[in-house]
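# Structural features, examined
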Amino acid sequence: MSSTLTRREFIKLSTVSLGGIAFLPFSTRPLPEEDKVPPIGLVRVTASRLNIRRTPAFDAEIIHWRPKDHLFEIWDEVHSSNGPSHNPRWYRIAGGYIHSGYTQKVRADLNPSVTSVIPTGQLMEITVPFTQSWLTQKEPWTKLYRLYYGSVHWVTNILEGPNRQPWYVITDDLLNIPYAVPAAHMRPIPVEEIAPISSHISPQAKRIQVSLSEQSVTAFEHDQPVFTARVSTGLSQNYVPSGEIPTETPTGNHVVDHKRPVRHMGDGEITGDLNAYELPGVPWVSYFYSHTGVAFHGTYWHDNFGRRMSHGCVNMRNEDAKWLFRWTMPEYSLEDWYKIERGTTVQVTA
């Protein structure tokens, strides 16, 4: 490893995702009495900036703002009568309120390292708000993607970092390049966590209904609903320029025919630019429209479900996407990087 990544730099790297937890509130005023209690959670800003408002309403006074990846301790969740109707959830922070739409609920869990990994790849999940990855193809290592809480990755090796602690080597499923992160920032996903659900039910008895008007997904067994979730489907378009892929989720009857536990989505550039359109580690991907690669998948870049947000896919909360991934056919095996086979039917209605 290059000496340019010094021990001091490593310590900074390995704690950067945790550093916002003990931050001072945006105001230097003493905390109000109601905030002198333990916070109930932690959220990360996912937009380029997020406004802090005096009260939980979009027409309220803006008293400050914070940039992408800032971490807020939250003291309360408020369902505001001021809306918006699709997502009226606001968070009370020290001295103000933020809307939940462009935040991600996170934790900051550190993990013991495993002593070995499956050479063909072992699924692991990021368990801290974010961690910095480093491209390891040649020396000196170069800064690459920032990986976010809840994203999933294929770990193919372990190496010793500059602090003499283990780092995991991730093999990117799209670009087939290696990059490394501190092992403490990832946890192995056990087999039982992604074991098939309702595998005793006949595949013909399972189906999925997607409602674009209601922004919802419902799973049925023998025409009985067994699961429902609020989602974000593709943005509406009046006109699609020649050569471009439509952003609307296609209506009609489809079939889940391709599943991946993780997919690097975006432009596929090798870059450390935080503003680049790169989404490595998108979890629990179930494709159902092969023409343009439309899929159900987990989402770590917004929490604004109930409103159209995507480029065509069905954005879901990570836990909801994982449930659907486990329930749909074809069944997935942990050692598979992907599974291609005709499976569960999907009906998308306007």
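What you are looking at is a predicted structure, and each value in this text was computed from that prediction instead of being measured.

Cut-offs used in this document
Residues numbered from 1 in each chain as written. Predicted model: local features only at pLDDT ≥ 70, side-chain atom pairs only at ≥ 80, totals over all residues. Heavy atoms only, no water. pLDDT = per-residue confidence, 0-100. Contact = heavy atoms within 4.5 Å. Helix = DSSP H or I, 4+ residues; strand = E, 2+ residues; numbered from the N terminus. Salt bridge = Lys/Arg side-chain N within 4 Å of Asp/Glu carboxyl O. Buried < 20%, exposed > 50% of the residue type's maximum accessible area, 1.4 Å probe, protein only. Phe/Tyr/Trp six-rings, centres within 6.5 Å; stacked < 30°, edge-to-face > 60°. Pairing = 2+ DSSP bridges. Axes fitted to C-alpha atoms, helices over the stretch in contact; angles between N-to-C directions.

Right, let's talk about the confidence of the model for the protein chain for a bit. Confidence in the prediction for the protein chain averages 90 pLDDT; 90% of positions are at 70 or higher. Across residues 1-29, where pLDDT falls below 50, the model places 58 contacts with residues more than four positions away in sequence or in other chains.

Before going further, it helps to examine the environment of Leu 174. Relative to the elements of secondary structure, Leu 174 occurs in the loop between β13 (166-171) and β14 (178-182). Measuring from C-alpha to C-alpha, the distance between Leu 174 and His 264 comes to 5.7 Å, with 90 residues separating the pair along the chain.

One pass over the full model with this rule turns up 14 salt bridges. With its nearest N and O atoms 2.8 Å apart, the salt bridge here joins Asp 109 to Arg 107. Overall, the relative accessible area of 29% leaves Asp 109 in the partly exposed class. Note on Arg 107: relative accessible area 48%, which makes it partly exposed. For Arg 308, the salt bridge is made with Glu 248, and the minimal N-O distance between the two is 3.6 Å. Taken as a pair, Arg 308 in the loop between β22 (294-298) and β23 (314-316) and Glu 248 in the loop between β18 (224-230) and β19 (252-255) lie far apart in primary sequence, 60 residues in all.

The relation between two aromatic rings is expressed through the spacing of the ring centres and the mutual angle of the planes. Counted by the stated rule, this structure contains 12 aromatic pairs. On the numbers, 5.9 Å between centres and 35 degrees between planes, the contact of Tyr 148 with Tyr 300 is tilted. Taken together, the positions of Tyr 148 in strand β11 (residues 142-148) and Tyr 300 in the loop between β22 and β23 put the pair 152 residues apart, joining distant regions of the chain. Pair check on accessibility: Tyr 148 and Tyr 300 agree, each one buried. Centroid distance Trp 323 to Trp 327: 5.6 Å. Interplanar angle 20 degrees. Geometry classified as stacked. Linking Trp 323 with Trp 327, this pair stays in helix α2 (residues 318-327), spanning four residues, or about one helical turn.

Moving on to the sheet that holds strand β16 (residues 206-211). Reading across from one edge, β18-β17-β16-β25-β19 is the order of the five strands in this open sheet, with mixed pairing throughout. Sheet topology places β18 and β19 at the edges, where each strand pairs with a single neighbour. Neighbour-to-neighbour, the strand axes of this sheet turn through a mean angle of 20 degrees, independent of strand direction. As paired strands, β16 and strand β17 (residues 216-221) are joined by six bridges and run antiparallel to one another. Bridge pairing in β17 links Val 210 to Val 217.

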